[in-house]
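Understanding the architecture of this molecule
The lines below spell out each chain.
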Amino acid sequence: MKLTVWGAAQQVTGSMHLLELENYKILIDCGLDYERNTWLEENEQFPFLPSEIDVVVLTHAHIDHSGNLPTLVRMGFEGQILCTAPTADLSELLLLDSVNIFLNKQRKSRKGKRNHITGPRPLYLQKHVMETVDRFVCIAFNKPFKLNGEATLTFVPSGHLLGAASAVFTINEQGKQKSIAFSGDIGRKNYPVLNDPESLPQVDYLVCESTYGGRFHNKEKTIEQVLVDTVNEACVKSPGRLIIPAFSIGRTQALVYSLNKLFSKGLLPRIKVFVDSPMAAYATEIFRKHHHLVNEEAQEFYRREGDEFDFENLDYVADMNASKAISNYFEPCIIISSAGMLEGGRIQDHLYYNIQNYYCTILFIGYCAKNTLGHRLLRGDPIVTIRHRELSVYATIKQTDLFSGHADHNDLVNFVKQQDSSTLKQIFLVHGEESSMIKLQEALSEEKFNAEIALKGKTYILN
Ligand SMILES: [Zn+2]
């Protein structure tokens with residue numbers, strides 16, 4: 001069999017790996033690559049004919065893994081897309097949101113030039129998303145699924161996001177049994193709502209993510225301690241408001257559940273909480289629908305206290321008027337809103353009205369890419385531009401990495417160490433900055449593993 005890494009090679013986004021058997025081509029993930037300014041055009045250029053792919057295997061719903069599927073379908077892919085049931089539901093939500101982002105980009109560039117469409121053409125439209133969703137075939141975790149006469153796929157839970165999986169293939173090639181696993185994104189242990197990543201069976205080859213290679217999560221405090229300290233400081237000691245920019249899918253549910261636990265234990269006074277993101281409300285419904293997949297602690301909480309994503313002092317804010325009305329709420333409150341990096345979304349309104357408020361704290365719980373407003377606030381810019389106005393930053397800026405959905409350096413090394421180094425022939429590192437990959441490669445070499453930084457477009461023959 002042959003492996004070609006076509007995306008997430010020495011970078012984080014655009015996961016796309018081609019596994020070629022004798023008469024069968026499997027594409028593992030088909031994510032958007034948005035590292036460069038020319039990303040819209042680049043994502044349209046597949047290095048293979050989409051119609052030649054027999055099947056797609058999708059590890060999880062995040063857009064850097066799923067976001068280019070509708071383009072693949074639009075350009076001729078006719079096969080099935082195999083994933084878990086929550087991944088199918090969450091992907092539909094995220095892909096439809098991508099269409100809106102494309103159309104907004106186009107609309108913005110059309111301003112004042114009614115008859116001249118100068119904005120970038122959307123990569124795909126809603127109808128392409130619906131055609132993509134029609135191809136989803138849901139497979140349960142840990143149940144081997146026969147792809148064809150020579151290959152079997154098993155999804156192993158990887159934590160990280162509801163429905164996320166590592167994809168393990170066993171392949172019979174001319175009477176010889178081989179196996180290869182694609183880690184997908186690996187989550188952390190003890191993450192709110194989600195189960196821990198499970199260990200993989202022994203394999204011959206492993207394509208492994210390396211996002212946090214060389215980086216370590218702060219383990220001095222727990223999520224609950226950070227939330228208690230921050231909320232007390234921001235909303236109890238002084239009557240202020242706490243704004244938490246959060247991705248609508250995954251982070252928001254983890255945050256809501258963590259706050260729910262603190263309120264029900266009496267560790268925080270019942271301060272008003274607004275979740276101001278329609279997408280978060282939809283995603284929460286998907287978490288409820290697949291409730292049997294949340295971790296045992298959350299299930300136990302549900303049995304004891306009821307819905308872990310709802311409580312009396314929580315409002316899911318649906319329409320824009322209700323969102324705008326939050327600025328007239330004068331009691332201390334917590335506002336959870338998207339987008340996480342502060343680029344677009346309702347969070348911009350909240351920042352516009354609160355960035356100059358001494359009684360406002362902004363708590364960052366996720367990564368902010370360079371050139372985003374989130375990044376500028378985190379590096380301490382005293383003045384930022386929001387809605388074309390320069391505003392001085394008087395709000396308090398805080399950050400925690402405890403809500404990160406990724407395994408850190410030690411977790412990744414331990415994930416690989418579950419394999420026998422004398423049986424595992426080769427590891428291909430993907431999905432990380434080059435510096436992270438080098439550090440992870442070094443650590444794995446010390447553990448006697450043969451780890452290689454996968455090069456984009458290079459075909460590896462796996463005997
Ligand atoms: Zn992910």
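Here's a quick rundown of the structure. Please read these numbers as outputs of a predicted model, since none were measured by experiment. (Residues numbered from 1 in each chain as written. Predicted model: local features only at pLDDT ≥ 70, side-chain atom pairs only at ≥ 80, totals over all residues. Heavy atoms only, no water.)

Within the protein chain, the regular secondary structure consists of 14 helices and 22 strands. Against the 2.2 N^0.38 benchmark of 23 Å for 463 residues, the protein chain shows a C-alpha radius of gyration of 22 Å, consistent with a compact globule. Judged by the C-alpha coordinates and their principal axes, the protein chain covers about 70 × 55 × 40 Å. For the protein chain, the proportion of its 463 residues judged to be buried stands at 57%. The long-range fraction of contacts in the protein chain, counting pairs at least 24 apart against all pairs at least 6 apart in sequence, stands at 73%. With an accessible surface of roughly 20200 Å², the protein chain has 48% of that area assigned to carbon and sulfur atoms. Mean positive and mean negative side-chain charge positions of the protein chain (48 and 55 charges, respectively) differ by 5 Å. (Helix = DSSP H or I, 4+ residues; strand = E, 2+ residues; numbered from the N terminus. Rg over C-alpha atoms; globule rule 2.2 N^0.38 Å. Buried < 20%, exposed > 50% of the residue type's maximum accessible area, 1.4 Å probe, protein only. Contact = heavy atoms within 4.5 Å. Areas by Shrake-Rupley, 256 points an atom, 1.4 Å probe, with all protein chains shown as cover. Lys, Arg positive; Asp, Glu negative; His and termini not counted. Charge placed at Lys NZ, Arg CZ, Asp CG, Glu CD.)

This next bit is on the pairing of strand S11 (residues 205-209). Of all the five residues making up S11, five are buried; the element is thus mostly covered by neighbouring parts of the structure. The pairing of strand S10 (residues 176-182) with S11 spans three bridges and is parallel. When the sheet's bridge partners are listed, Ile-180 is paired in S11 with Tyr-205. One ladder, built from five bridges, connects S11 with strand S20 (residues 426-430); its direction is parallel. Opposite Tyr-205, over in S20, you have Gln-426 as the bridge partner. (Pairing = 2+ DSSP bridges.)

Six octahedral donors around a metal ideally sit at 90 or 180 degrees from one another, while four tetrahedral donors ideally sit at 109.5 degrees. Protein coordination at the zinc ion comes from His-60 (NE2), His-62 (ND1), His-160 (NE2) and Asp-185 (OD), with a distance range of 2.1 to 2.3 Å. Here the zinc ion binds four donor atoms, and the angle range of 90 to 169° at the metal identifies the geometry as irregular. All donor residues of the zinc ion come from one chain, and their arrangement in sequence is H-x1-H-x97-H-x24-D. Linking His-60 in the loop between strand S4 (55-57) and helix H2 (63-66) with His-160 in the loop between strand S8 (151-157) and strand S9 (165-173), this pair joins segments that are 100 residues apart in sequence. The pair formed by His-60 and His-160 is uniform in burial state, with each residue classed as buried. (Donors = N, O, S within 2.8 Å, 3.2 Å for Na, K, Ca; no water. Tetrahedral: all angles 85-135°; square planar, octahedral: opposite > 155°, others 65-115°.)

Turning next to the sheet that holds S10. Read from one edge to the other, the open sheet built from seven strands follows the order S7-S8-S9-S10-S11-S20-S21, with strand pairing classed as mixed. The open sheet terminates on both sides in strands that have one partner only, identified here as strand S7 (145-146) and strand S21 (451-453). The strands touched by helix H13 (residues 409-417) within the sheet are S9, S11 and S20, with S11 carrying the most contacts at an inclination of about 165°. (Axes fitted to C-alpha atoms, helices over the stretch in contact; angles between N-to-C directions.)

If you trace the six strands from one edge of the open sheet to the other, you get S14-S13-S15-S12-S16-S19, paired in parallel fashion. Where the open sheet ends on each side, the last strands, each with one partner, are strand S14 (314-316) and strand S19 (396-399). Averaged over all pairs of adjacent strands, the angle between strand axes in this sheet comes to 20°, irrespective of strand direction. With three bridges joining them, strand S12 (residues 241-245) and strand S16 (residues 360-364) adopt parallel strand pairing.

Turning our eyes to something else, we now look at the pattern of salt bridges. This structure, assessed with the given rule, holds 23 salt bridges. The partner of Arg-74 in a salt bridge is Glu-44, with the nearest N and O atoms 2.6 Å apart. Here Arg-74, found in helix H3 (residues 69-74), pairs with Glu-44, found in the loop between helix H1 (39-42) and S4; they are 30 residues apart in sequence, far enough to count as distant. Salt-bridge contacts for Arg-303 lead to Glu-296; the nearest nitrogen and oxygen are separated by 2.7 Å. Here the salt bridges do not stand alone but share partners, grouping Glu-296, Glu-300, Arg-303, Arg-304 and Glu-305 into one network. (Salt bridge = Lys/Arg side-chain N within 4 Å of Asp/Glu carboxyl O.)

A separate point is unusual backbone geometry. Look at Val-193: it is not a glycine, yet its phi comes out positive at around 75°. Its place among the elements puts Val-193 in the loop between S10 and S11. Given a relative accessible area of 1%, Val-193 falls into the buried group. A positive phi angle, close to 65°, is found at His-388, a residue other than glycine. Summarising the element assignment, His-388 is placed in the loop between strand S17 (383-386) and strand S18 (389-392). The exposure class assigned to His-388 is exposed, which follows from its relative accessible area of 81%.

Per the counting criterion, the structure on display carries nine aromatic pairs. Its end group placed over the ring of Tyr-352, Arg-387 keeps NZ or CZ at 4.6 Å from the ring centre. (Phe/Tyr/Trp six-rings, centres within 6.5 Å; stacked < 30°, edge-to-face > 60°. Lys NZ or Arg CZ within 6 Å of the ring centre and 35° of its normal.)

Formed by 77 residues in total, the largest nonpolar core has its most connected members in Leu-27, Leu-259, Ile-334 and Ile-336. In this structure, this core is formed jointly by two domains, domain 1 (2-215 + 407-461) and domain 2 (223-399), each of which donates at least three residues. Apart from the residues lying within four places of it in its own chain, the contact partners of Leu-259 are Leu-227, Leu-268, Val-273, Phe-311, Ile-334 and Ile-336. (Core = buried A, V, L, I, M, F, W, Y, C linked by side-chain atoms within 4.5 Å. Domains from an automatic or database assignment.)

Here we take up empty space enclosed by the protein. Applying the stated criterion across every chain, the model contains one cavity of 30 Å³ or more. Counted as a void, the largest cavity has a volume near 70 Å³. Every residue lining the largest cavity is counted, 15 residues in all, and those nearest its centre are His-17, His-65, Ser-183, Gly-184 and Val-430. Residue contributions to the lining of the largest cavity peak at three residues, all from S11. (1 Å grid on protein atoms, 1.4 Å probe; cavity = no way out; pocket = protein on both sides within 12 Å on 5 of 7 lines; lining within 4 Å. Points joined across faces, edges and corners; volume = space filled by probe spheres on them.)

These results come straight from atomic positions and should not be treated as a statement about function.
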